[in-house]
Amino acid sequence: MILKQYLLVLFLFISFFTTQAQDESLFNSTTVPLSLRVNANAVVRSDLIHIEIKDYDAMVYTNKRIITIFNKEGDSKQGAYQYYDKNTNIKNLQARIYNAHGKEIKKFREKDFLDVSAVSGGTLFSDNRVKYLNYTPTSYPYTMMFDVEVVYKSTAYIPSWRPIEGFYTSTENAEYKITNSSTSKVKVQTLNFENYNIEKKSDYNYVAKNLKPIKSELYSPSFKTYAPYLNAALTDFNMEGVRGVNNNWQDFGKWMYDALITGTEELPESIKQEIKEKTALATTNREKAKIVYQYVQNKTRYISVQVGIGGWKPMLAEEVDRLGYGDCKALTNYTKSLLAEVGVDSYYTVVYGDDDIVDIDKGFSSLQGNHAILSIPEDNDYLWLECTSQTSPFAYNANFTDDRDVLLVTPEGGKIVHTKVYPAEENRTETSASIQLEDSGNITAQVKIVSKGTRYSNHYFLENELEKDQKLYYKDYFNTINNIEINAISFNNNAEDIVFTEELDVQAIKYASKVGQRILLKPNVFFEEEYVPPRYKKRNLPFQINRGKVNTNTFKITIPQTLQVEALQDTVTITNKFGSYHYAITQKDANTLLFQRELKINKGNYSKEEYKEFREFLLQIAKHDTSKIVLKTNI
């Protein structure tokens, strides 16, 4: 019996010191496996996440994380921060720094972390804060150990898991575990696990080992579409004291409508009367909506306000009306309330707003999105209103909320729908010019640029810029022209048809180069240069073109009588799955050349094997775009 007790004590003693030795080895950067160092700015040595669900309104999150940073680019992966608000209690927060050989050189406790607002300076009110470590290393590599324990009263959001934390970051060991002692059911969704070394230990317990870093490649789709990712959510949850249900998008949306929207829409009687008078002569819902949208644009401005129910409940509509400002939630709800007064149905809509296209995950209902817009039913489709902008045209949502799945919050429940897709033919930049060439190589020109569709938002902001900034913009826009001077600028913003027109008078000294008795002239004078992405010896990721477009150039070039055409380029036409390209220059008479170019790029998702062909297409375009014709003196 004594021998058994002795052996047990010896076993526990050995196990303790073996585990301790293993932990200490993780602080030493020389123990990182070579396979995890290649193409890595940082390696996660160990990341242990445990989430304990005690009740629908009580959750404990613990995380012990050890990461080795190899260089300056890896500093952003320190991860030593913790968000909190009035419903969050940080019970433990500390960090330790180790040098390349695993010796501890710095220790930080909670009081050493900076405590700041978790939102930008454009936010008027917010109760969201973050404690973060502002550590600047003196040498590389170094290792950071971060340890945190947090108690949450709000359980609407359960921390997700990214076994690979981003580009150029490898993972030696990571574990994610949920322990559920509540009566609420936990939903878990895993994405892209099959291509990585991730083991499912139980329903809510996963372990990842030796995950190599992913290299960034241009035109690749969203990281989340190919990297491993885990989402979790409770079917019965608490948000700031309000109980919610989340079995699917329908009942989650129903909860949002009942708990977040209902009771916020009442307007002052004077405003009700005013908006009815303004829309009295309108005969269609679209006409009424246009009037209301312009009314909101003229009366309000965007200021972020993130207080109350997790930053998700809109301000009261009457408060927005009184103050004249609000955030995306508040202004969307205010516009919705005004439309209701004039008999136009509309729906508060949750979306991921971003230049990149990011969908609400229609297969997994949870607290998602970062922005709110308004949708108005019209002919089995919807109009989409961006209520935070004072300049955006009515029903224009390109480049920020276009072409993605969003959540409509209706009285009957949530509904996933897709926002407007702007086809390539609609996204046009049409550049025309009358160009006068001198025998010295100088040019003067009158240029007209017409932008439509998604291209409109890339240009219309210019009319509100200072003149000096406008000129700087054009010097950059026409960066293939040396010594360009902008003499005059005028704009026409047709917000009704979403067409923006720019007219310029410009000149450039020695645009065309003289070689003896000849002049070399690039006829494609004013064009938006197509970027040619790099060549990869081995492309690993698929690629994506998010938005199609069409660029057309039509230039009339007048040459002086002292010059005559010696050689012109042949007409070029290329058509393939990625788009089409047409280049032509013709001589209309002795002193007039006509240059015509059209480039169409198709929206699409393509395999990694097709990347080489796509790049070759862009290389051909670049070659022809910069080709020159030969003029010679005739005296």
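The rules behind each value
- Residues numbered from 1 in each chain as written.
- Predicted model: local features only at pLDDT ≥ 70, side-chain atom pairs only at ≥ 80, totals over all residues.
- Heavy atoms only, no water.
- Axes fitted to C-alpha atoms, helices over the stretch in contact; angles between N-to-C directions.
- Helix = DSSP H or I, 4+ residues; strand = E, 2+ residues; numbered from the N terminus.
- Parallel < 35°, antiparallel > 145°, perpendicular 65-115°, else oblique.
- Left-handed = near helix turned anticlockwise from the far one by under 90°.
- Contact = heavy atoms within 4.5 Å.
- Nonpolar A, V, L, I, M, F, W, Y, C, P; charged D, E, K, R; others polar.
- pLDDT = per-residue confidence, 0-100.
- Salt bridge = Lys/Arg side-chain N within 4 Å of Asp/Glu carboxyl O.
- 1 Å grid on protein atoms, 1.4 Å probe; cavity = no way out; pocket = protein on both sides within 12 Å on 5 of 7 lines; lining within 4 Å.
- Points joined across faces, edges and corners; volume = space filled by probe spheres on them.
- Pairing = 2+ DSSP bridges.
- Core = buried A, V, L, I, M, F, W, Y, C linked by side-chain atoms within 4.5 Å.
- Buried < 20%, exposed > 50% of the residue type's maximum accessible area, 1.4 Å probe, protein only.
- Arc of directions from axis to C-beta.
- Expected span 1.5 Å × (residues − 1).
- Phe/Tyr/Trp six-rings, centres within 6.5 Å; stacked < 30°, edge-to-face > 60°.
- Lys NZ or Arg CZ within 6 Å of the ring centre and 35° of its normal.

## Describing the packing of helix α4 (residues 269–278) against helix α5 (residues 285–299)
Piece 1. Direction vectors running N to C along α4 and α5 enclose 130°, while the axes themselves pass 10 Å from each other. The orientation of α4 with respect to α5, classified from their angle, is oblique. Remark: the crossing between α4 and α5 carries right-handed chirality. Every residue of α5 that contacts α4 at I271, E274, I275 and K278 is listed here: I291, V292, Y295 and K299.
Piece 2. For the contact of α4 with α5, the per-class residue count stands at five nonpolar, no polar and three charged.

## Some details on the confidence of the model for the chain
Piece 1. The predicted model of the chain averages 92 in pLDDT, with 94% of residues at 70 or higher.
Piece 2. Note that pLDDT drops below 50 for residues 7–22; the model gives that stretch zero contacts with residues more than four away or on any other chain.
Piece 3. A low-confidence stretch, residues 121–126 stays under pLDDT 50, and its non-local contacts, those more than four residues away or across chains, total 16 contacts.

## Focus on the pattern of salt bridges
Piece 1. Summed over the entire model, instances satisfying the criterion amount to 36 salt bridges.
Piece 2. Note that K131 is salt-bridged to E110, the shortest N-O span being 2.6 Å. Residue K131 is found in strand β8 (residues 129–132), and its partner E110 is found in the loop between β5 (104–108) and β6 (114–117); the two are separated by 21 residues along the sequence.
Piece 3. E199 is the salt-bridge partner of K201, the closest N and O atoms lying 3.8 Å from each other.
Piece 4. Among the charged side chains, a salt-bridge network with shared partners connects E425, R428, E430, K452 and K600.

## A short note on the layout of surface pockets
Piece 1. The space that makes up the second largest pocket amounts to roughly 600 Å³.
Piece 2. Contributing to the lining of the second largest pocket are 31 residues, with P393, F394, A395, A495 and E496 lying nearest its centre.
Piece 3. The dominant element in the lining of the second largest pocket, judged by the number of residues it contributes, is α5, at seven residues.
Piece 4. Of the residues contributing to the lining of the second largest pocket, the split by class is 13 nonpolar, nine polar and nine charged.

## With respect to the pairing of strand β35 (residues 579–589)
Piece 1. Direction of pairing for strand β34 (residues 572–576) relative to β35: antiparallel, over a ladder of five bridges. Residue pairing for β35: T575 is matched across the bridge by S580.
Piece 2. Of the pairings in the sheet, the one linking β35 to strand β36 (residues 592–601) comprises 10 bridges and is antiparallel in character. Residue Q587 lies in a different strand from β36, and its bridge partner there is L593.
Piece 3. Linkage of β35 to β36, two consecutive antiparallel strands, is achieved through a turn of two residues.

## Brief notes about the nonpolar core
Looking at soluble globular proteins, one finds that nonpolar side chains tend to be buried together.
Piece 1. In terms of nonpolar packing, the biggest core is built from 65 residues, with I51, I158, W161, Y176 and M256 touching the most fellow members.
Piece 2. If we ignore the near neighbours within four places in the chain, the residues touching W161 are I49, A174, E175, Y176, F193, I198, Y206, V207, A208, P228, Y229 and L230.
Piece 3. Core analysis: the next-biggest nonpolar cluster, separate from the first, contains 49 residues, A433, Y473, I585 and I601 among them.

## Brief notes about the sheet that holds strand β9 (residues 142–152)
Piece 1. Here eight strands make up an open sheet; going across it, the order is β5-β4-β9-β2-β1-β10-β13-β12 and the pairing mixed. Single-partner strands in this sheet number two, and they are β5 and β12 (198–202). Direction aside, the axes of adjacent strands within the sheet are offset by 10° on average.

## Observations regarding the environment of S170
Piece 1. Along the chain, S170 falls in strand β10 (residues 169–180).
Piece 2. On the basis of relative accessibility, which here comes to 0%, the residue S170 falls in the buried class.
Piece 3. Along the sequence, S170 and L211 sit 41 residues apart, while their C-alpha atoms lie 5.6 Å from each other.
Piece 4. Setting aside residues up to four positions removed in sequence, S170 forms contacts with L36, A40, A42, V43, V44, L211, K212 and P213.

## Quick notes on helix α8 (residues 467–477)
Piece 1. Of all the positions in α8, only Q470, Y473, Y474 and Y477 are classed as buried. Buried residues of α8, viewed axially, fall in a sector of 95°; they line one side. Residues K468, L472 and D476 are exposed on α8 and point more than 90 degrees away from its buried face.
Piece 2. Looking at the buried residues of α8, the elements they touch are β25 (428–437), β26 (443–452), β27 (484–494) and β28 (499–508).

## Focus: helix α7 (residues 328–341)
Piece 1. Compared with an ideal rise of 1.5 Å per residue, which puts 14 residues at 20 Å, α7 spans 20 Å between its outermost C-alpha atoms and is within 8% of the ideal.
Piece 2. Of all 14 residues making up α7, 12 are buried, and the element is well covered by its neighbours.
Piece 3. Inspection of α7 places C328, K329, A330, L331, T332, N333, Y334, T335, K336, S337, L338 and L339 among the buried residues, and these make up the whole buried set.
Piece 4. Just downstream of α7 lies G343, where phi reads positive at about 80°.

## Examining the packing of aromatic side chains
Piece 1. Applying the stated rule across the entire model yields 39 aromatic pairs.
Piece 2. Taking 5.6 Å as the distance between ring centres and 65° as the angle between the ring planes, the aromatic pair formed by F223 and Y226 counts as edge-to-face.
Piece 3. Among the aromatic residues, those joined into a ring-pair cluster are F461, Y473, Y474, Y477, F478, F526, F555, Y583 and F595.
Piece 4. For K187, the ring lying beneath its charged end belongs to F364, and the centroid distance is 4.9 Å.
Piece 5. The ring of Y611 has R539 sitting right over it, with the charged end atom 4.3 Å from the ring centre.

## A short note on unusual backbone geometry
Piece 1. With an omega of -10°, the peptide bond running from Y140 to P141 counts as cis.
Piece 2. Here N210, not a glycine, exhibits a phi torsion of approximately 50°, which is positive.
Piece 3. Assignment of secondary structure puts N210 in strand β13 (residues 205–211).
Piece 4. Positive phi is not limited to glycine here, since N380 has a value of about 60°.

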